[in-house]
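Report on the structure
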Amino acid sequence: MTLLRQPTILQDPVSFDHEGKAGYPSRSIGTILADLADDDPRIMAGSADLTWSTFLADFAERHPDRFVQAGIAERNMLGIAAGLASCGALPYVSTFSAFASLQSLDVIRNDAAYTNLPVRIIGTHTGVSMGYFGSSHHAIEDIGALRSIPNLTVLSPADHTATEALVRATVDASGPVYLRLGRGASGPDVYESQGEVVFGEAATVRRGSGVLVVATGITVHAARDAADALRAAHIAEPTVVDVHTIRPFPAEQIAALAAAHEVVVVVEDHMVDGGLGTSVITALSEHGVAVPVHRHGLRDFAIFGPPTHLYRYYGLDAAGIAVVVERAAQHPSAGPRVPLWGEADMRRELEAQQEADRVRKPEVVFE
Amino acid sequence: MTMSIESATAAPTREELAAQVRRTVLLEAEIAGSGHYGPSLSCTDLLVALYTDLLRVDPADPDAAWRDRLVLSKGHACSALYAVLAQRGFFAADLLRTYTRLGTAFGDHPDMKKVPGVDFSAGALGHGLSVAVGMALHARLRADGARTVAILGDGELNEGQIWEAAGFAGANRLSGLVAIVDVNTVCVDGTTREVLDYEPLGDKWAAFGWEVERIDGHDFDAIDGALGRFAQRHSDGGRPTVILADTVAGKGVPPIEGMAEWHIGYLGGADLDAALLTVASTGGN
């Protein structure tokens, strides 16, 4: 296996890069929207005091008359967006996912979804990507909360190309849209062209056999890298599919893909209950596909730690996913499904990291 | 007495229009077997005044982009709004016979997708002022002078999002926005003073950057005056206006006036007959 497991004391350098240097998904949403707004006077944008953190700054600078600074009032921002949309505007409002979805849930439901207005909600820094900011800043239930709301489209692009393709594809969608974005430090792009990302269809990122890995958002990069490593090591040749359109869920397509494999592994930076895995199981059940499904994701509020360390701890980095996929390939039809990434795995990762921290701790002395 | 809901053929005075609206509110409740009498009758005169004197709307083109907009944030008072919209000709009053019945457009909280003239859906309290702020922002962007009205309940002011929106509107000097608080002093569990006392209301709104008017919400001349001063401030580019309208819950039906117990209830039989007679007498008939 070519994947390195190298515990480090520091987070990856771009985890909390608020200046947008890396140019990955959420980093450039403001530029995508500002470009669209050049030709479309309906497009507006709004922020709740996180204009730079959520990478909307380019829009604010290029279209100040169509930018709404709501202050630290997310629910009010969503309500304002609904009012704007009712007058013919296409408002894209952004904040961290935890606040854009869970804190504002009944505003989304009542003022955007019930009214079926074209409000666009951009939740950045989703999953556990806020790391040691803690569970208040994690969005590990947003898919579960939002996928049950009528009229709402839920999108989860894996990279910049997918983000732009999906934003463009939904500009004229009649109802509300929620975009679930990462922190913008997910690795090299998955897609080379926007044509590879078609709204409403899952995209096959790696074609293989045996194990079908279903991923979304920032887990697509890790799943892709895990598949490449497993293939190079002649351990497995999994198929990797990116479900960037979570709602409407491409049920028929996923069921057909699953039917052509021996086992399915769903990887998500979200609670395993109510998220992508639940949608996959439902799709297979409704289409009569009896292939076993392993759900791999969060099962509790996360512990504290730098983002990259959390992904490693929860087995959501490439190395962890590779372990999970290898285990699934070895026991494709094991009886009652136990988590393929368990307490022992997490304990091992924690001890390795604590040892690295002990050896490499900075010279800080508290008195 | 026959019980029917009919269009006005001639309604020369606002008192008569208001009496007709109150009558419709009572009859809608008769259809449902339940009615939000208190909060619907308290804002009836305000709604009549708004749709008679201020709002520039076209019942033949209810979605016209240039129109003034009204958000009934206290959506539970929609039986009065339906009556006023029917009176203005947005739809035939006879449609209100379906009020609350299976498959109707007219539920006990308003749905903008179903009822012509309803500018925004409502029901969950605390949402409407934010929506109205968005509408007022868009009107400012369009620069067509459209006004936005939000009608709030005084109990609804307990909702924190109201103050997020109030702070935003004040800071952004949204002069085209008027919030009208129907200060009927009761909510469900008792009087607003008993449940959660938010007075002095005027000081709070003023602190958030609003021009404050406090009026008798059943005095048409007073309502006109406050709306006129709002319109002038809008022209002058001033601050947003809040009209604290002191009202009486259940206004027009003396046996239930001012009673939290009649926030929702049912007046049937002889009680309804008496209420209809009393309401008719207030219209100058």
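Residues numbered from 1 in each chain as written. Chains lettered and ligands numbered in written order. Predicted model: local features only at pLDDT ≥ 70, side-chain atom pairs only at ≥ 80, totals over all residues. Heavy atoms only, no water.

A short note on the sheet that holds strand β11 (residues 263–271) of chain A
Residue and element names in this part refer to chain A.
- Strand order in the open sheet formed by five strands is β7-β9-β8-β11-β12, and the pairing between neighbours is mixed. Each end of this open sheet is capped by a strand with a single partner; those strands are β7 (203–206) and β12 (293–298). Across the sheet, the mean angle from the axis of one strand to that of its neighbour is 25 degrees, orientation sign disregarded.
- Relative to strand β9 (residues 239–242), β7 runs antiparallel, the two sharing three bridges. Looking at β9, one finds that R206 is bridged to V240. (Pairing = 2+ DSSP bridges. Helix = DSSP H or I, 4+ residues; strand = E, 2+ residues; numbered from the N terminus. Axes fitted to C-alpha atoms, helices over the stretch in contact; angles between N-to-C directions.)

Describing the sheet that holds strand β2 (residues 148–153) of chain B
Residues and elements named next belong to chain B.
- If you walk across this open sheet you meet the five strands as β1-β2-β3-β5-β4, and the pairing is parallel. Only two strands of the sheet have a single neighbouring strand rather than two, namely β1 (69–72) and β4 (211–216). Direction aside, neighbouring strands of the sheet carry axes that sit 20 degrees apart on average.

Describing the domain arrangement of chain A
Residues and elements named next belong to chain A.
- Domain boundaries in chain A define domain 1 (29–181) and domain 2 (199–355).
- Spacing between the C-alpha centres of domain 1 and domain 2 amounts to 27 Å.
- The interface of domain 1 with domain 2 comprises 34 residues on the first partner and 30 residues on the second.
- When domain 1 packs against domain 2, the two sides together hide about 2,400 Å² of surface, and 62% of this comes from carbon and sulfur.
- Area buried by domain 1 at its contact with domain 2 is led by V128, I140 and R147, which between them contribute 27% of it.
- Taken together, domain 1 and domain 2 are joined by one salt bridge.
- Ionic pairing is found between D269 and R180, a salt bridge with its closest N-O pair at 3.0 Å.
- Put simply, domain 1 and domain 2 have 19 residue pairs in polar contact (both at pLDDT 80 or more) between them.
- Looking at the side of domain 1 that touches domain 2, the elements with two or more residues in it are α6 (142–146), β5 (153–155) and α7 (160–169).
- For the side of domain 1 that touches domain 2, the element with the highest residue contribution is α6, accounting for four residues.
- Taken together, the residues that form the side of domain 1 that touches domain 2 break down as 17 nonpolar, 12 polar and five charged. (Domains from an automatic or database assignment. Contact = heavy atoms within 4.5 Å. Buried area = accessible area lost by both parts, 1.4 Å probe. Salt bridge = Lys/Arg side-chain N within 4 Å of Asp/Glu carboxyl O. Polar contact = N/O pair within 3.5 Å; in protein donor to acceptor, adjacent residues only side chain to side chain. Nonpolar A, V, L, I, M, F, W, Y, C, P; charged D, E, K, R; others polar.)

A few points about the interface of chain A and chain B
- Contacts between the two partners involve 27 residues from chain A and, on the opposite side, 21 residues from chain B.
- Taking both partners together, chain A and chain B bury about 1,900 Å²; carbon and sulfur atoms supply 63% of that area.
- Among the residues chain A hides against chain B, the three largest losses belong to N76(A), C87(A) and Y114(A). Together they make up 29% of the total.
- The tally of links from chain A across to chain B stands at zero salt bridges.
- Connecting chain A to chain B are seven residue pairs in polar contact (both at pLDDT 80 or more).

Some remarks on the packing of helix α3 (residues 74–86) of chain A against helix α5 (residues 128–142) of chain B
- Relative to each other, α3(A) and α5(B) sit at 50 degrees, their axes nearing to 6 Å. On the basis of the axis angle, α3(A) is oblique to α5(B). Seen from above, α3(A) lies across α5(B) with right-handed handedness. Facing N76(A), G79(A), I80(A), A82(A), G83(A), L84(A) and S86(A) of α3(A), the residues of α5(B) in contact are S130(B), V131(B), V133(B), G134(B), M135(B), L137(B) and H138(B).
- Its residues assigned to classes, the contact of α3(A) with α5(B) shows seven nonpolar, seven polar and no charged. (Parallel < 35°, antiparallel > 145°, perpendicular 65-115°, else oblique. Left-handed = near helix turned anticlockwise from the far one by under 90°.)

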